[in-house]
Amino acid sequence: MAIQITAHDRRRKVLSRLVEVACAGSVMLALAPLALVLYFVLSQGLPALSLAFFTNMPKPVGEPGGGMANAMIGTLILLGLAGALAVPVGIACAVYLAEYPKRRLAQAATFAADILNGVPSIVIGIFAYVIAVLPFRRFSALAGGFALGVMMIPIVVRTTEELLALVPPSLREGALALGATRGRATWSVILPAALPGIVTGVLVALARVAGETAPLLFTSFNNQFWSVRLDKPIASLTVQIFTYAIAPYEDWHRQAWAGASVLIGAMLVFSVLARTVTRRLERMHRP
Amino acid sequence: MSSDAPAAAEAGIRIKTEVKPTSGPVPDASVAIEIQGVGIAYGDNQVVHDVTMDIPEQRVTAFIGPSGCGKSTLLRCLNRMNDLIDSARVMGKIRVKGQDIYAPGTDVIDIRRRIGMVFQKSNPFPKSIFENVVYGLRIVGVRDRATLDEACERSLRGAALWEEVRDRLKDSALSLSGGQQQRVCIARAIAVEPEILLMDEPCSALDPIATVKIEELIYALKEKYTIVIVTHNLQQAARVSDRTAFFWLGRLVEYGSTSDVFTKPREKLTEDYITGRFG
Amino acid sequence: MSERPSRTAARGDLGFRLGTGAFAAFLCLLVIGIGVILADQSWLSIDKFGLGFWRGTTWDPVAGEFGAFPFIWGTLYSSLLALVISTPIALGIAVFLSELSPPVLKQPLIFLTELLAAVPSIVYGLWAIYALVPLVRRLEVLCPEWLRRVPLFSGPPLGVGMLAAGLVLAVMVIPFIASVAREILKAVPVTQREAAYALGATRWEAIRMALYYGRTGIMGAVMLGLGRALGETMAVTMVIGNNPQVSLSLFAPQYTMAAVIANEFTEAAGDLYRDALVEIGLVLFTITIVINILSQLLIWSVSDQRVPRRVVPKPKPALAA
């Protein structure tokens, strides 16, 4: 019996080691695409970046010096519109959820936020099309901003709600004890206390939505020319990258990678910005 | 043979059965575990200092002492469970039946099979009672249904649980009461036929009735196994153990037969602890 | 005199509650609105084709044929393929990060795997066109003749097709499954693993017990991945070939629900065509909602069994066994 156990034991230990190796291997396997994406962004995208890229409009195939200036400004405008919708709605909603968590409306809203978070972005695009494009019979930046804003709302709600829960209850009780209404207590005490985190949450949500393409395909559509008008189609980095990527032209492919590097660079800037803003706001609020 | 013989013989038998296991030193027990100069540290923090003691075979040895005195830590070193904590370091030697269990190249799986452990809060797997008890056998490769059934019955009998659960071996172990779950854990531990059983405050999460059942079980188990039990409950230690070791701040203060330690302790510290002056 | 301040205060509070509550109600209406609008705008198609819409296998809007089965087929095939590829890898990552990783590597690796989720879909699509599709084409070319007779591997080696789509979806879905699975494993009480080790289990055997303990939650994690895969649009449409055919072959270009909407919506001439696409969107909406709710339920069920951690340092399986 003892001898049998030993041989089996050896097999068990070998199997255990193999599993450990396989787990480590799966980590490396999963990180490989990340490394490859980075590699392509750096090797294909960065060389294609030039001043012209940042200042010029797209040029027809064959003409040198095409750029994505309109797409970059377009993305910024769309993000501004999305934020204008999502930030007030999201924060107000989160405040309600934090103050009245037991009410049925609050539970329904939490559920709704979770559902909205999981809705495919293309479906949101259809929704935004019906609401913001059909009635006006035109694609517009507003429609695109609306679509992105709808996608942002659940993210803002969730991060803000978590942060409001972290604010010590003594703060709220103190304000209320001094006679403040709930609204005043929230506005002047609780929100400022949670502000650094809320700002981070909003910036993170913006970064996430900045990378979306599908909801823009038939809302803000695209625009080969410079346009900052909210009631006309507007270019965006993501849609422009898509248009170039699926075309058969090598030059456009390189520009697509350049656009991707700008996009990723912007997302990096956002997260660094988020962290520095948070830290500065935290410092301001520390007595 | 005089006419006194039957009375003397009767008296002799009676005297033998009256021998309490806690009276005086136990010279006829061989050593199960030798602990020599053992120190244990977590990172820079040393929690056990220079402990030397021999744990006798087929007896119950109790580790007592206030919280944080290192008794559980020492216990967990006896089956190398402290290996699970990255920062743990063990100094000195621990020999089980002469084998240094911390020697490089030691088969830890084998050690842990030969030295079983029962934990403070019962931790049955989210499986049936049967599967819990035979888990140790399954991982060793035993597949024959008859062997497993027999082992399950044997272990549950040994844990004084067989009659209560024999009709519902397929039920989840989690459907049992706390005391029953702990006995499932004991059955699970003895199913792999260890030589030594380590018990880390096995009754601390149980009600008094369940505690009594487990104490009786320990008393019965020591016929087959060497038992080391860590306990907060001084009365329990006095009831159940043959030898008692008193620890304080990571050091072994006193170690001797239970009756000696409890009735004529050598150290003042021991006496203070036992009489409840602290801890 | 003391009445008035409290009345205004109460009115202030009421105003606050109604004011913020209005936004909460707006959120609920938004979600309901999406469903209602999708249903409304697909009415022409639902009314005309009924359930036959989903059985038809020919999608030729020019000829007036609207058979949407290829899209359901393509969506399910690509998503399930992605799950098959990504689940073992994601679980391996979760196990490594929660049980096996040396402490110094743990935080950086967690950061990197979460970075995988931050890369925009379009960038993955771009990478897939550039690197994945040529690789898949080479694999397809290398495929031996006898294997090509199996329907799973039949067809010309185009590179674009189901396999490429499944692979890029798998890459995108891995971080989601891995991070939830890691949380599940963290919630398994330490005493469970200790019990296994104390009986002489190897590290893999103890991990297996932890995986068993959290099996419901892990199923929830996988469903979450499924939900993500079903709705993914851009990366898929760039590499799946966009051909509305129903094929078992991994090499064949096919089509998914999200991809056809993305590609054809702006070109859809005529209300019927557009309504047909919206109907596809409606079904996609419903399926993803159901899957996401299911996954949340499964994940929450494990957290309820959470046991408070001990104060003693959390044991990690060391180099023994």
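Residues numbered from 1 in each chain as written. Chains lettered and ligands numbered in written order. Predicted model: local features only at pLDDT ≥ 70, side-chain atom pairs only at ≥ 80, totals over all residues.

**Overview of the overall build of chain A**
Where we set the bar: Runs of E in the DSSP output that reach at least two residues are strands. Runs of H or I that reach at least four are helices, and both are numbered from the N terminus. With C-alpha atoms as the basis for the radius of gyration, the globule rule is written as 2.2 Å multiplied by the number of residues raised to the power 0.38. Residues with at least 20 neighbouring C-beta atoms inside 10 Å of their own are called buried, those with 12 or fewer are called exposed, and the rest are partly exposed, where every C-beta is derived from the backbone.
Within chain A, the regular secondary structure consists of 10 helices and 0 strands. Going residue by residue from the N terminus, the α and β elements of chain A occur as α-α-α-α-α-α-α-α-α-α. Expected size for 287 residues packed as a compact globule is a radius of gyration near 19 Å; at 25 Å, chain A overshoots this value by more than 25%. Each of the three principal axes of chain A carries a C-alpha extent, and together these read 80 × 75 × 40 Å. Each of the 287 residues in chain A was classed as buried or not, and the buried ones make up 49%.

**Observations concerning the overall build of chain C**
Applied cut-off: Residue pairs are scored as contacts if the distance between their C-beta atoms, which are placed from the backbone, is within 7 Å.
Helix and strand counts for chain C come out as 13 helices and 2 strands. Here chain C has a C-alpha radius of gyration of 25 Å; the compact-globule value for 321 residues is 20 Å, and the former is much larger. Structurally, chain C occupies a C-alpha span of about 80 × 70 × 30 Å along its principal axes. For chain C, buried positions account for 52% of its 321 residues. By sequence separation, contacts in chain C at least 24 residues apart represent 76% of the contacts at least 6 residues apart.

**Description of the packing of helix H7 (residues 162-187) of chain C against helix H10 (residues 215-231) of chain C**
Residue and element names in this part refer to chain C. Cut-off, in case you're wondering: Note on geometry: axes are lines fitted to C-alpha atoms, helical ones only across the stretch in contact, with angles between N-to-C directions running from 0 to 180 degrees. Every angle not falling under 35 degrees, over 145, or within 65 to 115 is termed oblique; those three ranges are roughly parallel, roughly antiparallel and roughly perpendicular. Take the far helix as the reference: if the near one is turned anticlockwise from it by less than a right angle, the crossing is left-handed, and if turned clockwise, right-handed. The nonpolar class holds Ala, Val, Leu, Ile, Met, Phe, Trp, Tyr, Cys and Pro. Asp, Glu, Lys and Arg form the charged class, and all remaining residues, Gly among them, are polar.
At a closest axis distance of 8 Å, the pairing of H7 and H10 adopts a crossing angle of 155 degrees. Relative to H10, the element H7 is oriented roughly antiparallel. The crossing of H7 and H10 is right-handed. Of H10, the residues touching H7 (which contributes Leu169, Val173, Phe176, Ile177, Val180, Ala181 and Ile184) are Gly217, Ile218, Ala221, Val222, Leu224, Gly225, Arg228 and Ala229. The residue makeup of the contact of H7 with H10, split by class, is 12 nonpolar, 2 polar and 1 charged.

**A closer look at H7(C)**
Three- or four-residue spacings in an α-helix give side chains the same orientation, since the helix completes a turn every 3.6 residues. Residue and element names in this part refer to chain C. Inclusion rule: How far a helix is expected to stretch is found by multiplying one less than its residue total by 1.5 Å. Given a residue, its bend is the angle between the two axes fitted to the seven residues that end at it and to the seven that start from it.
Between its first and last C-alpha, H7 extends 36 Å over 26 residues, near the 38 Å set by a 1.5 Å rise per residue. The largest bend in H7 is about 35 degrees, located at valine 173, with the proline proline 175 one to four residues further on. Of all 26 residues that make up H7, 23 are buried, and the element is covered over most of its length.

**Looking at the sheet that holds strand S5 (residues 99-100) of chain B**
What counts here: At least two bridges found by DSSP between two strands are what make those strands a pair.
Pairing is antiparallel in the open sheet, where 4 strands are placed in the order S2-S1-S4-S5 (chain B). Both outer strands of the open sheet, strand S2 (45-56) and S5 of chain B, are each paired with one neighbouring strand and no more.

**A short note on the packing of helix H3 (residues 69-100) of chain C against H7(C)**
The description of two packed helices rests on the angle between their axes and on the distance between the axes. All names here are of chain C. One way to put it is that H3 packs onto H7 with a least axis distance of 6 Å and a crossing angle of 35 degrees. Considering how the two elements wind past one another, H3 and H7 form a crossing that is right-handed. Here the contact of H3 with H7 is built from residues that sort into 22 nonpolar, 6 polar and 2 charged.

**Comments concerning the sheet that holds strand S10 (residues 251-257) of chain B**
Residues and elements named next belong to chain B. With mixed pairing, the 6 strands of this open sheet are ordered in space as S6-S7-S8-S3-S9-S10. What marks the edges here is a single partner per strand, and that holds for strand S6 (115-118) and S10. On average, each strand axis in the sheet is inclined to that of its neighbour by 15 degrees, with strand direction left out of account. As judged from the 6 bridges shared by strand S9 (residues 243-248) and S10, these two strands associate in the antiparallel manner. Considered in S10, the bridge of tryptophan 248 is made with arginine 251. Across the sheet, helix H2 (residues 71-78) touches strand S3 (60-64), S6, strand S7 (196-200), strand S8 (226-230) and S9, and the angle it forms with S8 is around 150 degrees.

**Here's the deal with helix H5 (residues 145-158) of chain B**
Residues and elements named next belong to chain B. Put simply, the rule is: The directions from the helix axis to the C-beta atoms are what the arc is built from.
Taking 1.5 Å per residue, 14 residues should reach 20 Å; H5 reaches 20 Å between its end C-alpha atoms and fits that length. Considered for burial, the residues of H5 that qualify are Ala151, Cys152, Ser155, Leu156 and Gly158. Buried residues of H5 fall within an arc of 155 degrees about the axis and therefore sit on the same side. Seen from the buried face of H5, the exposed residues on the opposite side, beyond 90 degrees, are Ala146 and Glu150. Elements in contact with the buried residues of H5: helix H4 (129-140), helix H6 (162-165) and helix H7 (178-191). One or two residues past the end of H5 sits alanine 160, with phi positive at roughly 55 degrees.

**Side note on the interface of chain A and chain C**
On the chain C side, the residues contacting the 65 residues of chain A number 67 residues. Going through the elements one at a time, helix H1 (2-48), helix H3 (69-99), helix H4 (104-118), helix H5 (121-133), helix H6 (141-166), helix H8 (182-210), helix H9 (237-245) and helix H10 (250-285) of chain A are the ones with two or more residues in the side of chain A that touches chain C. By residue number, the principal contributor to the side of chain A that touches chain C is H1(A), which donates 19 residues. Split into classes, the residues belonging to the side of chain A that touches chain C amount to 51 nonpolar, 9 polar and 5 charged.

**So, the environment of Asn117(A)**
Residues and elements named next belong to chain A. Residue position: asparagine 117 is located in helix H4. Given 14 C-beta atoms within 10 Å, asparagine 117 falls into the partly exposed group. C-alpha separation for the pair asparagine 117 and leucine 36, spaced 81 residues apart in sequence, amounts to 29 Å.

**Examining unusual backbone geometry**
All names here are of chain B. Positive phi, close to 55 degrees, is recorded for alanine 160, a residue that is not glycine. Within the fold, alanine 160 resides in the loop between H5 and H6. Here alanine 160 falls in the partly exposed class, since 17 other C-beta atoms lie within 10 Å of it.

**A few points about the nonpolar core**
The nonpolar side chains of soluble globular proteins are, as a tendency, buried together. Convention followed: To count as a nonpolar core, a set of buried Ala, Val, Leu, Ile, Met, Phe, Trp, Tyr and Cys residues must be joined through C-beta atoms within 7 Å. Domain start and stop points were drawn from an automatic or database domain assignment.
Within the largest apolar cluster, 270 residues are counted, with the highest numbers of intra-cluster contacts made by Cys93(A), Ala128(C), Ala164(C), Val168(C), Ile177(C), Ala181(C) and Val239(C). Among the elements that line this core, the one with the most residues is H7(C), at 19 residues. Two domains each donate at least three residues to this core, and these are domain 1 (2-48) and domain 2 (69-285) of chain A. Contacts of Ala128(C), omitting those with residues within four sequence positions, involve Val133(C), Ala164(C), Val168(C), Ala235(C), Met238(C) and Val239(C).

**Description of the domain arrangement of chain A**
Residues and elements named next belong to chain A. Per the domain assignment, the segments of chain A are domain 1 (2-48) and domain 2 (69-285). Counting from both sides, the interface comprises 6 residues of domain 1 and, opposite them, 7 residues of domain 2. Its residues placed into classes, the side of domain 1 that touches domain 2 shows 4 nonpolar, 2 polar and no charged.

**Topic: the confidence of the model for chain C**
Residue and element names in this part refer to chain C. Selection criterion: A residue's pLDDT is simply how confident the predictor is in it, with values from 0 to 100.
Per-residue confidence for chain C gives a mean pLDDT of 86; residues scoring 70 or more make up 91%. The least confident element of chain C is helix H6 (residues 145-148), whose mean pLDDT is 83; the most confident is H3, at 95. Every residue in residues 305-321 scores below 50 in pLDDT, and together they form 30 contacts with partners more than four places removed in sequence or on other chains. Interface confidence for the predicted complex, given as ipTM, is 0.89, next to a pTM of 0.86.

**A look at the environment of Val199(A)**
Position of Val199(A) among the secondary structure elements: in helix H8. You can call Val199(A) partly exposed: it has 18 C-beta atoms within 10 Å.

**What about the pairing of strand S1 (residues 31-42) of chain B?**
Residues and elements named next belong to chain B. Both S1 and S2 contribute to a ladder of 8 bridges, which runs antiparallel. Bridged to alanine 41 within S2 is glutamine 46. Remark: 2 residues form the turn of the hairpin made by S1 and S2, two consecutive strands paired antiparallel; glycine 43 in that turn has positive phi of roughly 65 degrees. Relative to strand S4 (residues 88-96), S1 is paired through 8 bridges, and the arrangement is antiparallel.

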